[in-house]
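One letter stands for each residue in the lines below.
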Amino acid sequence: GAVVSQHPSWVICKSGTSVKIECRSLDFQATTMFWYRQFPKQSLMLMATSNEGSKATYEQGVEKDKFLINHASLTLSTLTVTSAHPEDSSFYICSAKYRESGNQPQHFGDGTRLSIL
Amino acid sequence: GQSLEQPSEVTAVEGAIVQINCTYQTSGFYGLSWYQQHDGGAPTFLSYNALDGLEETGRFSSFLSRSDSYGYLLLQELQMKDSASYFCAVSPLDNAGNMLTFGGGTRLMVKP
């Protein structure tokens, strides 16, 4: 069964709106979660690493003021796309590792398809 | 840094065997993972190689050769439902293996 839950699965909104996406680890604690973005027919690109109780680590080129990440508890990380514009339309996916070690796979949420009109 | 190369597209017929290759350049990694992603869906974990050699999981097998900077995913007895994109990914040593760097993905089309 699913170990990572992501909500909502699909959002359509007007330009300028801020959108919050939630990522929850089910039945396990995830001190680290990851946020990816995927454009059509492209690979997953890591946006940021979300750390419980501390600031997120953003990848080069990702605007931290535009993509706000909050990891308020051991089971919840949120990504807020602030003042979204059509170019922010993409598939956003979160993931978490069941155990914090290098050789464990990541489990992905079902993704959020964001469409900005 | 990390760089992973995969063929962009592979086509095969139902019942056949297909191999998806992944060549990489990295500064060190814990292991090579493979993920499957159907259109509109999220990636699902398929297989992981920490050591050189072959890992078998049902119809899917994955291979790693660190000396050759090369790995592959082998899919046997192909079914129509195997049509999807397949990504190889590494867990870099310089991030405690916590992050994944993905290859560009291979779109597999299985035909009847």
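Before reading further, recall that the structure is shown in the block above.
It should be emphasised that the depicted structure is a prediction, and the values quoted were computed from it without experimental measurement. (Residues numbered from 1 in each chain as written. Chains lettered and ligands numbered in written order. Predicted model: local features only at pLDDT ≥ 70, side-chain atom pairs only at ≥ 80, totals over all residues. Heavy atoms only, no water.)

> I'm lost on the overall build of chain A in this one. Help?
When helices and strands are tallied, chain A shows zero helices and 11 strands. In chain A, the succession of helices and strands from N to C terminus is β-β-β-β-β-β-β-β-β-β-β. Expected size for 117 residues packed as a compact globule is a radius of gyration near 13 Å; at 13 Å, chain A falls within 12% of this value. Considered along the principal axes of its C-alpha atoms, chain A spans approximately 40 × 30 × 25 Å. Taken across its 117 residues, chain A has 50% of its residues classed as buried. Counting contacts in chain A only where the partners sit at least 6 residues apart, residues at least 24 apart contribute 52% of the total. Put simply, chain A shows about 6,000 Å² of open surface, and 50% of that area lies on carbon and sulfur atoms. Of the charged side chains in chain A, 11 are positive and 10 negative, and the gap between their average positions amounts to 3 Å. (Helix = DSSP H or I, 4+ residues; strand = E, 2+ residues; numbered from the N terminus. Rg over C-alpha atoms; globule rule 2.2 N^0.38 Å. Buried < 20%, exposed > 50% of the residue type's maximum accessible area, 1.4 Å probe, protein only. Contact = heavy atoms within 4.5 Å. Areas by Shrake-Rupley, 256 points an atom, 1.4 Å probe, with all protein chains shown as cover. Lys, Arg positive; Asp, Glu negative; His and termini not counted. Charge placed at Lys NZ, Arg CZ, Asp CG, Glu CD.)

> Mind showing me how you'd approach the sheet that holds strand E1 (residues 4-7) of chain A here?
The pairing of strands in a sheet happens through backbone hydrogen bonds and is either parallel or antiparallel. All names here are of chain A. On the basis of which strands lie adjacent, the open sheet formed by four strands has the order E1-E3-E8-E7 and antiparallel pairing. The two strands at the open ends of the sheet, each matched to only one other strand, are E1 and strand E7 (67-73). Sheet twist, expressed as the mean angle between neighbouring strand axes with direction ignored, is 15°. Pairing of strand E3 (residues 19-25) with strand E8 (residues 76-81), which is carried by six bridges, proceeds in the antiparallel orientation. Note on E8: the bridge partner recorded for Val19 is Val81. (Pairing = 2+ DSSP bridges. Axes fitted to C-alpha atoms, helices over the stretch in contact; angles between N-to-C directions.)

> I'm lost on the pairing of E8 of chain A in this one. Help?
The side chains of a regular strand alternate between both faces of the sheet. Residues and elements named next belong to chain A. Of all six residues making up E8, six are buried, and the element is well covered by its neighbours. On E8, burial covers both faces: Leu76, Thr78 and Thr80 on one face and Ser77, Leu79 and Val81 on the other are all buried. Inspection of the sheet shows E7 paired to E8 by five bridges, in the antiparallel sense. Residue pairing across strands places Phe67 opposite Val81, the latter belonging to E8. Hairpin connection from E7 to E8: two residues lie between these consecutive antiparallel strands.

> Just checking my understanding: could you explain the interface of chain A and chain B for this structure?
Interface size, as often reported, equals the accessible area lost upon joining of the parts. Contacts between chain A and chain B engage 20 residues on the former and 19 residues on the latter. Between chain A and chain B, roughly 1,500 Å² of surface is buried when both sides are summed, and carbon and sulfur atoms account for 59% of that area. Counting across the chain A and chain B interface gives zero salt bridges. The tally of links between chain A and chain B comes to two residue pairs in polar contact (both at pLDDT 80 or more). Elements represented by at least two residues in the side of chain A that touches chain B include exactly strand E4 (32-38), strand E9 (90-97) and strand E10 (106-108) of chain A. Partitioning the side of chain A that touches chain B into residue classes produces eight nonpolar, eight polar and four charged. (Buried area = accessible area lost by both parts, 1.4 Å probe. Salt bridge = Lys/Arg side-chain N within 4 Å of Asp/Glu carboxyl O. Polar contact = N/O pair within 3.5 Å; in protein donor to acceptor, adjacent residues only side chain to side chain. Nonpolar A, V, L, I, M, F, W, Y, C, P; charged D, E, K, R; others polar.)

> Just checking my understanding: could you explain the nonpolar core for this structure?
Trp35, Phe67, Leu79, Tyr92 and Leu114 of chain A are the most contacted members of the largest nonpolar core, which totals 24 residues. For this core, the elements supplying multiple residues, two or more each, are strand E2 (10-13), E3, E4, strand E5 (45-51), E7, E8, E9 and strand E11 (112-116) of chain A. If you look at the next biggest cluster of nonpolar residues, it comprises 22 residues, including Leu32, Leu73, Leu75 and Tyr86 of chain B. (Core = buried A, V, L, I, M, F, W, Y, C linked by side-chain atoms within 4.5 Å.)

> I tried to follow the state of the cysteines on my own but got confused; where do I start?
Among covalent bonds in proteins, the disulfide is the one between the sulfur atoms of two cysteines. Evaluation of the coordinates by the stated rule reveals two disulfides over all chains. Each sulfur of the disulfide joining Cys23 of chain A and Cys94 of chain A lies 2.0 Å from the other. As the torsion about the S-S bond is roughly 80°, the Cys23 of chain A-Cys94 of chain A disulfide counts as right-handed. Taken together, the positions of Cys23 of chain A in strand E3 and Cys94 of chain A in strand E9 put the pair 71 residues apart, joining distant regions of the chain. The pair formed by Cys23 of chain A and Cys94 of chain A is uniform in burial state, with each residue classed as buried. Across the disulfide, Cys22 of chain B is cross-linked to Cys88 of chain B (sulfur-sulfur distance 2.1 Å). Here Cys22 of chain B and Cys88 of chain B share a disulfide; its torsion about the S-S bond, 75°, makes the bridge right-handed. On the criterion of sequence distance, the pair formed by Cys22 of chain B in strand E3 (residues 18-25) and Cys88 of chain B in strand E9 (residues 84-92) is long-range, its members being 66 residues apart. Like Cys88 of chain B, Cys22 of chain B is buried. (Disulfide = S-S within 2.5 Å.)

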